[in-house]
Amino acid sequence: LDSMASTLSPSTGTPSPPEMSERIRNAADISVIVVYFMVVMAVGLWAMLKTNRGTVGGFFLAGRDVAWWPMGASLFASNIGSGHFVGLAGTGAASGIATAAFEWNALFLLLVLGWFFVPIYIKAGVMTMPEYLRKRFGGKRLQIYLSVLSLFICVALRISLDIFSGAIFIKLALGLDLYLAIFILLAITAIYTITGGLASVIYTDTLQTIVMLIGSFILMGFEFTENSKCYTPQADSFHIFEIPSPGIFHEALPFCDLILWLLHDYGMFSRQVIVQRCLSGKDMSHVKAACIMCGYLKLLPMFLMVMPGMISRILYTEKVACVVPSECVKHCGTEVGCTNYAYPMLVMELMPDGLRGLMLSVMLASLMSSLTSIFNSASTLFTMDLYTKIRKRASERELLIAGRLFIILLIVISILWVPLVQVSQNGQLFHYMESISSYLGPPIAAVFLLAIFCKRVNEQGAFWGLMTGLVIGLIRMTAEFAYGTGSCLAASDCPKIICGVHYLYFAIILFFVSITVILGISLLTKPIPDVHLYRLCWTLRNSTEERIDLDAEDKIHEEADDGIDEDNPEETRGCLRKTYDLFCGLQKKGPKLSKEEEEALKKKLTDTSEKPLWRTIVNINAILLLTVAVFVHAYFA
């Protein structure tokens, strides 16, 4: 600290990005970026025209006709955004490889999702997670609450983090203002999300996954070659389970983070952006194969993001590892640290012309794939769970338009949240993301786990368990925003009784408090009769009895509206109107189905049967994936 303090500039002036050897302003880099955007837009346009976007199922679930390989790539791309490139590398630079455990632990939840949760969701015939809670428990308050909370998490946790981290990279690469970079990114991303629906998102995600992997592997080669000339970090940095300090106030990642993370992260089996991709699969074998493919891809962030962040700290120690606030302001414009610049620094300093443009394309790919996935899922939540409560007789055409307009509103709100992201958790984006999940996620995880595996749980228990968990989580989150998380030079003033417990330990406490409240109130109140639970929970998953839905009397089913006005048939419309309908996916698609055809389609969409051969193949591959996951945990422990 003394040596760093002696190098402080006498004048901090206006914060500016770190000085780079050269920015992306050469013909080779610009050409690569232009070609990338042209290919992405071409794939997006092809997907738009290939699929039926004129129905709610077509726009939000891609017609439930997606194969395993684009589904698996989309699962990975939607989960690995620019926030992971910047955040994982930044946390790796700050504390070592332990943060990679978050990604490896996801392997287990992916398999749980594909084998246990998705079959129930498909048999329930739901499109959103709040819709499942309405079918499982009845009433409207659970559905509305989870919809609103999920939308808040989209803004606070995913969208703002991704656009901020992506803008950091573009700010360094092109020298643009942070908010100008954010505006450009969102404008491009919103175009094919609003027009294309989930199918467009999934196929562009597949392309962007390929770009992300190629670019990241190339950069990894440059990093490890350069790092061989330098000293290596201390041994503790290479422990996947960091050696904990005594007590529960350890500031790094706790050594039992595997168990803690499985309990605090509701994401894999109840987050709309993840589950929605699984619901779009052709059949259960494709869904399971997609989860396995994504699981193997989740092994890569350790080598593509975390270790590069550690290397960046070694190569650019003065900038990436700054701790004196005034020095950090000089290098990256914020007092809480510059570890978020670890990955961008590597790209700008190590990569030659052309490849530097490729890496910017990688960052754009990760950002756009993550944002498009979130936009589409958030639009689904708003349209199907909230807008239908406001406009009970809304036509399918109106729902499609409302979903698209909501994306624009979501973008505006997300931009306003960015400043809070910038200063939270000592500037480490990944810790910000996981801490918010720890404050809001455990009650949701508790409700979904019990809803699937404990049929005795009822609506009263689920609702008050969620409310109790929400109040406790908001107290911690609000206090942390109000007092700040502090730094290694100045501790936070937040009371120890509220902020003293590590956020992962806080998550496990919150999870069991929620479980206790849910079970306690459920056991003290009347159970839900089995006739309402057939195929909605695990013990009754194979029942062939007719289910009487608890939400049957609340269902609004409009027969006539198919997206085309009766008094203005398609053949009388002008060329401009037809072009508009084609671009937005509002054109009529084929004849109206008969009652028998609708019933047959509904039965197909709720079918979870598998061919014996493919069921055996995916089961064997799941065992192999689990073996690999256990091995890498043991090897790096």
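Residues numbered from 1 in each chain as written. Predicted model: local features only at pLDDT ≥ 70, side-chain atom pairs only at ≥ 80, totals over all residues. Heavy atoms only, no water.

Trainee: Give me the overall build of the protein chain: which residues, what numbers.
Mentor: The number of helices and strands found in the protein chain is 26 helices and 0 strands. Here the protein chain holds 637 residues, and the buried ones make up 58% of them. Contacts in the protein chain between residues far apart in sequence, at least 24 positions, make up 84% of those at least 6 positions apart. For the protein chain, the exposed surface amounts to about 25400 Å²; the carbon and sulfur share of it is 66%. (Helix = DSSP H or I, 4+ residues; strand = E, 2+ residues; numbered from the N terminus. Buried < 20%, exposed > 50% of the residue type's maximum accessible area, 1.4 Å probe, protein only. Contact = heavy atoms within 4.5 Å. Areas by Shrake-Rupley, 256 points an atom, 1.4 Å probe, with all protein chains shown as cover.)

Trainee: Can you tell me about unusual backbone geometry, naming the residues and giving the values?
Mentor: Within the chain, Arg535 stands out as a residue other than glycine whose phi angle is a positive 70°. Accessibility expressed as a relative area gives 18% for Arg535, which makes it buried.

Trainee: Please set out the packing of aromatic side chains residue by residue, giving values where relevant.
Mentor: According to the stated counting rule, one finds 17 aromatic pairs in the structure shown. Taken together, a centroid distance of 5.2 Å and an interplanar angle of 50° make the contact between Phe116 and Trp538 tilted. Within this pair, whereas Phe116 is found in helix α6 (residues 101-124), its partner Trp538 is found in the loop between α23 (503-524) and α24 (575-584), the two being separated by 422 residues in sequence. A relative accessible area of 32% places Phe116 in the partly exposed class. Pairing Phe453 with Trp538 gives two aromatic rings, centres 6.1 Å apart and planes at 50°, and the pair type is tilted. (Phe/Tyr/Trp six-rings, centres within 6.5 Å; stacked < 30°, edge-to-face > 60°.)

Trainee: I'd like a rundown of helix α8 (residues 141-174), residues and numbers included.
Mentor: The first and last C-alpha atoms of α8 sit 47 Å apart over 34 residues, in line with the 50 Å expected at 1.5 Å per residue. Of all bends in α8, the biggest is about 35°, found at Cys154. Within α8, 29 of the 34 residues are buried, leaving the element largely enclosed by the surrounding structure. Positive phi shows up at Gly175, right after α8, with a value of about 75°. (Expected span 1.5 Å × (residues − 1). Bend = angle between axes of the 7 residues up to and from the residue.)

Trainee: Give a description of the state of the cysteines that names residues and reports values.
Mentor: One pass over the structure, following the stated rule, counts 1 disulfide. Note that Cys494 is cross-linked by a disulfide to Cys499, the S-S spacing being 1.9 Å. Taking the torsion about the S-S bond as the criterion, the Cys494 to Cys499 disulfide, at about 60°, is right-handed. Left without a disulfide partner, Cys294 is nearest to the cysteine sulfur of Cys291, which lies 7.4 Å away. (Disulfide = S-S within 2.5 Å.)

Trainee: Please provide a residue-by-residue account of the confidence of the model for the protein chain, values included.
Mentor: Chain-level pLDDT for the protein chain is 76 on average; 73% of the residues reach the 70-or-more range. At the level of individual helices and strands, the protein chain shows its lowest average pLDDT in helix α1 (residues 2-5), which scores 39, and its highest in helix α13 (residues 284-297), which scores 95. Under a pLDDT of 50 for its full length, residues 243-251 has, in the predicted model, 14 contacts with residues more than four places off or in other chains. Note that residues 556-571 has pLDDT below 50 and, in this model, 26 contacts with residues that lie over four places away or in other chains. (pLDDT = per-residue confidence, 0-100.)

Trainee: I'd like a description of the pattern of salt bridges, backed by residues and values.
Mentor: All told, the structure shown has 10 salt bridges when counted by the stated rule. The partner of Lys288 in a salt bridge is Glu610, and the shortest N-O contact between them spans 2.8 Å. Highlighted residues: Lys288 in helix α13 and Glu610 in the loop between α25 (595-605) and α26 (612-636), separated in sequence by 322 residues. Per residue, the accessibility class of Lys288 equals that of Glu610, and both read buried. (Salt bridge = Lys/Arg side-chain N within 4 Å of Asp/Glu carboxyl O.)

Trainee: Got a sec to walk through the packing of α6 against α13? Specific residues and values, please.
Mentor: Where α6 meets α13, the axes come as close as 9 Å, and the angle between the chain directions of the two elements is 160°. Between α6 and α13, the crossing angle belongs to the class labelled roughly antiparallel. Regarding α6 and α13, the two cross each other, and that crossing is right-handed. In contact with Leu107, Leu110, Leu111, Gly114, Trp115, Val118, Pro119 and Ile122 of α6, α13 contributes Met284, Val287, Lys288, Cys291, Ile292, Cys294, Gly295 and Tyr296. (Axes fitted to C-alpha atoms, helices over the stretch in contact; angles between N-to-C directions. Parallel < 35°, antiparallel > 145°, perpendicular 65-115°, else oblique. Left-handed = near helix turned anticlockwise from the far one by under 90°.)

Trainee: Describe the nonpolar core, listing the residues and the values that go with them.
Mentor: By size, the foremost hydrophobic cluster in this structure holds 171 residues, and its most contacted members are Tyr121, Tyr132, Phe137, Tyr343 and Phe448. If one sorts the elements of this core by residue count, α8 sits on top with 20 residues. Setting aside residues no more than four positions away along its own chain, Tyr121 makes contact with Val126, Met129, Tyr132, Phe269, Ser270, Val275, Leu279, Phe448 and Ile452. (Core = buried A, V, L, I, M, F, W, Y, C linked by side-chain atoms within 4.5 Å.)

Trainee: An account of α6 is needed here, citing residue identities and associated values.
Mentor: For α6, with 24 residues, the first-to-last C-alpha span of 33 Å sits near the 34 Å given by 1.5 Å per residue. Considering bend angle alone, the principal kink of α6 is centred on Phe117 and spans about 45°; proline Pro119 follows within four residues of it. Counted residue by residue, α6 has 21 buried out of 24 residues, so it is predominantly covered. Taken from the residues just after α6, Gly125 is the one with a positive phi, measuring 70°.

Trainee: So, the environment of Leu440: which residues are in play, and what are the values?
Mentor: Note on placement: Leu440 falls in helix α20 (residues 429-453). For the pair Leu440 and Ala507, spaced 67 residues apart in sequence, the C-alpha to C-alpha distance is 8.7 Å. Beyond its immediate sequence surroundings of up to four residues, Leu440 is in contact with Leu149, Phe152, Ile153, Leu470, Leu474 and Met477.

Trainee: Please set out the packing of α6 against helix α7 (residues 129-137) residue by residue, giving values where relevant.
Mentor: Working note: a packed helix pair is described by the angle between its axes plus the distance between those axes. Packing of α6 against α7 leaves a shortest axis separation of 11 Å and a crossing angle of 70°. Accordingly, the angle class assigned to the pair α6 and α7 is roughly perpendicular. Residues Ile120, Tyr121 and Ala124 of α6 form the contact with α7, whose own contacting residues are Met129, Tyr132 and Lys135. A per-class count over the contact of α6 with α7 returns 5 nonpolar, no polar and 1 charged. (Nonpolar A, V, L, I, M, F, W, Y, C, P; charged D, E, K, R; others polar.)

Trainee: Describe in detail the environment of Cys154, supporting the description with residues and values.
Mentor: Following the sequence through the fold, Cys154 ends up in helix α8. Cys154 sits 119 residues away from Val273 along the chain, and the two C-alpha atoms are 9.4 Å apart. For Cys154, the residues in contact, after removing those within four places along its chain, are Ile159, Ser160, Ile374 and Ala378.

Trainee: Describe the environment of Val275, and please don't skip the residues or the numbers.
Mentor: Among the structural elements, Val275 can be located in helix α12 (residues 272-279). We classify Val275 as buried; its relative accessible area is 0%. For the pair formed by Val275 and Gly114, sequence separation is 161 residues and the distance between their alpha carbons is 9.3 Å.

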